Each structure stands twice: as C-alpha cells, then as structure tokens.
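Architecture at a glance
What follows is each chain in one-letter form.
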Amino acid sequence: MLVLPLAAQAGAWPAGKKAEYMGQCMQVAALQGVDAKKADQKCKCGADAIEKSFTTAEIEVLSGKETADPKLMQRAMTVIQTKCGLQGK
C-alpha cells in the first residue's frame, strides 16, 4: 500500500460539515458514557486530525450520508485513533 505524507493532503472542511461532525461525535460519545468535557476534546481532536490528513474532496466523501467509501472511512478511523487516542473514557 502506498502511503503519502499526510500534511501534503490537508484540506478544509466543506461548509457546515465540521459542525455536523462535531454534533454526531458528541452524540456518540454521550451514548458511550463519555463526559462532555472529554468528549468535546476528543471530537475536536478528531475533526482537526481529519482536516490535516484529508483533502477537502475526501472530507466531502467522508461526510456524505450515502457516498462514504468504506476504505476511506477506515483510514479516517485509523488517523483519528492514532492522533487522538480514542480508547477509553
């Protein structure tokens, strides 16, 4: 598998998509029993990791309800876990 430098791919969140991501992330965290302060920190970290690691076009695909590419989603989860350590509460 070819791995490109992540910084070379950085892109901005499409309009409204970062807020949408944050809302969904906070909902999931609440359902998992994560306290609000820690959830906010981890969700912001995840949003920043996505912005720094993916192009705007890739972020658009990730945030699409029906067009999300499973391989791209897996890559996003790996990036978030690596940069933000989402294990535990």
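Residues numbered from 1 in each chain as written. Predicted model: local features only at pLDDT ≥ 70, side-chain atom pairs only at ≥ 80, totals over all residues. Heavy atoms only, no water.

With that settled, consider the confidence of the model for the chain. Of the residues in the chain, 81% have a pLDDT of 70 or more, and the chain-wide mean is 83. Mean pLDDT across the elements of the chain bottoms out in helix α3 (residues 56–63) (89) and peaks in helix α2 (residues 36–53) (94). pLDDT under 50 marks residues 1–8. Its contacts with residues more than four places away, or in other chains, come to 5 contacts. (pLDDT = per-residue confidence, 0-100. Helix = DSSP H or I, 4+ residues; strand = E, 2+ residues; numbered from the N terminus. Contact = heavy atoms within 4.5 Å.)

A separate point is the packing of α3 against helix α4 (residues 70–84). One can describe the packing of α3 onto α4 by two numbers: an axis separation of 10 Å at closest approach and a directional angle of 105°. The angle between the axes of α3 and α4 places the two elements in the roughly perpendicular class. Between α3 and α4, the contacting residues are Glu58, Val61 and Leu62 on the first element and Leu72, Met73, Arg75 and Ala76 on the second. Residues of the contact of α3 with α4, tallied by class, amount to 5 nonpolar, no polar and 2 charged. (Axes fitted to C-alpha atoms, helices over the stretch in contact; angles between N-to-C directions. Parallel < 35°, antiparallel > 145°, perpendicular 65-115°, else oblique. Nonpolar A, V, L, I, M, F, W, Y, C, P; charged D, E, K, R; others polar.)

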